[in-house]
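# Understanding the architecture of this molecule
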Amino acid sequence: MTTLAITGGQVLLPDMTVTRADVLIDQERGEILELGDDLAADADETLDASDSLVTPGFVNGHCHVSMTLLRGYADDKPLDAWLQEDIWPAEGELTPDDIRIGAELGLLEMIKSGTTAFADMYFELPEIADAVERAGLRARLGHGVVTVVKDDEGAREDAQTSLDVAAEYDGAADGRISTAFMPHSLTTVGEEYLDEFVPKAREAGLPIHYHANETADEVTPIVDERGVRPLAYAAEKGMLEPQDFVAHGVHVDESEIGLLAEAGTGVIHCPASNMKLASGMAPVQRMLEEGVSVGLGTDGAASNNDLSMLDEARDAAMIGKLAAEDASAVPAEAVVEMMTQGSADAIDIDAGRLEDGAPADLAVLDLEKPHLTPAHDLVSHLAYAAAAADVRHTICDGQVLMRDREVLTLEESAVRERASEAAASLVARAEE
Ligand SMILES: CSC[C@H]1O[C@@H](n2cnc3c(O)ncnc32)[C@H](O)[C@@H]1O
Ligand SMILES: [Zn+2]
């Protein structure tokens, strides 16, 4: 057994209290062995966490990681125009190499901002899985299916690809990668394809992840054509199960909040993307009150425009109060829960908590900063004041991915250089 001790820090516990403790990790099993005093002597290696907060690694519940290449490419438009006029034409030019390079850039950003696990919907899953394996994170990956712009053969091929790659990559990277069937949304995948492929996903034991109720424009056609709300339609199609999770959930009414709570289906709140695309304010406080499993996600870097879960946490707290017209809504503890255990539960991966036997996924944040002084309440600091640049060390599955702000699994300057070149070439092709 090889052990690592994270020493001298303040540790955030699952009950949202903070205590002084060292953390002893079994690196081979990727597990926390013990939280306690003076554990350095028992360890093969140590990582200093003095004047620092040791938290569970953050869990980004909804992302399109390779969209880092399109960061800043198309801003200041609503979802539909943004996708149709800019993003989908540019994505039509993406090569598998672009997707791997964009993923590396996104993973670099995640490691630097303390994220250790994420869920991702995109194309060319093998490229993303390869990058995740090398970078050392944990992920639930899926191939996103869009049928509306395809003929029947193309649509069925797309949906079959989503099933095939999910079956092939589940358990990859020593179990750090899990998968899901990922129809893009309830309006971009035709009913006949949901009828055919959702049962196949169930037979294969796959969870289902999709965008739902993101904009009012997405709700109206479903209500007009079918006479039911989108999540009632999703339930009819067998897409509202405990292992499933939807992204956004902005325009959900009380009946849909009830359906989500009853089904145990997770909702990944994406406040920055919802604000930037002016999609709306999700009723997060109501969902929490009704017992919906709520996690937090950045969405892609083209609608955010970064992948920092600390930024997302602050956004979630702020917009949660505005939406509820109540300053006590979506408090710091709720947000920190969402960015750790909440997202992990929603995307159904074992992570997001620091306790004996838990997966050794951690972030260590430097507290010796003007914006983190004084330290009345470290949970408040995580939700409202901490930033990506405060992250000193990131550990996933017992492996140190970043030590003293140096990422060990990816070569930062090379990744940035490759990504800049790939992005410039992509945009030139898209605008030809
Ligand atoms: C088919 S792969 C995923 C697909 O989703 C697109 N996308 C990115 N952000 C959003 C969003 O907020 N709502 C809906 N779709 C989004 C992405 O560009 C890919 O095409
Ligand atoms: Zn999305």
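Keep in mind that what you see is a predicted model, and the values were worked out from it rather than measured.

### Description of the overall build of the protein
For the protein, the helix and strand inventory stands at 14 helices and 20 strands. For 432 residues, the compact-globule estimate of 2.2 N^0.38 gives 22 Å, and the protein sits close to it at 21 Å. With respect to the principal axes defined by its C-alpha atoms, the protein has extents near 65 × 45 × 40 Å. Within the protein, the fraction of its 432 residues that count as buried is 56%. Once local pairs closer than 6 in sequence are excluded, the contacts in the protein between residues at least 24 apart make up 75%.

### Quick notes on the pairing of strand β1 (residues 3-7)
A large share of β1 lies buried, amounting to 4 of its 5 residues. In terms of strand pairing, β1 meets strand β4 (residues 22-26) through 4 bridges, oriented antiparallel. If you follow I6 over to β4, its bridge partner there is V23.

### Some points on the domain arrangement of the protein
Considered domain by domain, the protein is made up of domain 1 (3-56 + 355-407) and domain 2 (58-346). The set of elements that each furnish at least two residues to the side of domain 1 that touches domain 2 consists of β17 (362-366), α13 (378-384), β18 (391-396) and β19 (399-403). Considered class by class, the residues forming the side of domain 1 that touches domain 2 number 17 nonpolar, 3 polar and 2 charged.

### Digging into the site of ligand 1
Around ligand 1 lies a shell of 17 residues, among which I87, G144, H184, H211 and G300 are the nearest. The element contributing the most residues to the shell around ligand 1 is helix α1 (residues 79-91), with 4 residues.

### With respect to the sheet that holds strand β6 (residues 45-48)
If you trace the 4 strands from one edge of the open sheet to the other, you get β5-β4-β1-β6, paired in mixed fashion. The strands lining the two open edges of the sheet, one partner per strand, are β5 (31-36) and β6. Strand-to-strand twist across the sheet, computed as the mean angle between neighbouring axes with direction ignored, equals 20°. When β4 meets β5, the two strands line up antiparallel, connected through 5 bridges. Bridge pairing in β5 places D22 opposite G36.

### Some words on the nonpolar core
V23, V54, L107, I128, A313 and V335 are the most contacted members of the largest nonpolar core, which totals 144 residues. Mapping this core onto the domain boundaries places at least three of its residues in each of domain 1 (3-56 + 355-407) and domain 2 (58-346).

### A few points about the UniProt feature "binding site: substrate" (unreviewed entry) in the protein
The sites that carry the UniProt feature "binding site: substrate" (unreviewed entry) are, in the present numbering, E91, H184, E214 and D299. Its location among the elements puts E91 in helix α1. Residue E214 is classed as buried on the basis of its 26 C-beta neighbours within 10 Å. Excluding anything up to four places from it in sequence, E214 contacts L79, H248, V250 and S279.

Rules of the game
Residues numbered from 1 in each chain as written. Chains lettered and ligands numbered in written order. Predicted model: local features only at pLDDT ≥ 70, side-chain atom pairs only at ≥ 80, totals over all residues. Helix = DSSP H or I, 4+ residues; strand = E, 2+ residues; numbered from the N terminus. Rg over C-alpha atoms; globule rule 2.2 N^0.38 Å. Buried ≥ 20, exposed ≤ 12 C-beta atoms within 10 Å, placed from the backbone. Contact = placed C-beta atoms within 7 Å. Pairing = 2+ DSSP bridges. Domains from an automatic or database assignment. Nonpolar A, V, L, I, M, F, W, Y, C, P; charged D, E, K, R; others polar. Near = placed C-beta within 6 Å. Axes fitted to C-alpha atoms, helices over the stretch in contact; angles between N-to-C directions. Core = buried A, V, L, I, M, F, W, Y, C linked by C-beta atoms within 7 Å. UniProt positions renumbered as here; feature names shortened; annotations may be inferred.

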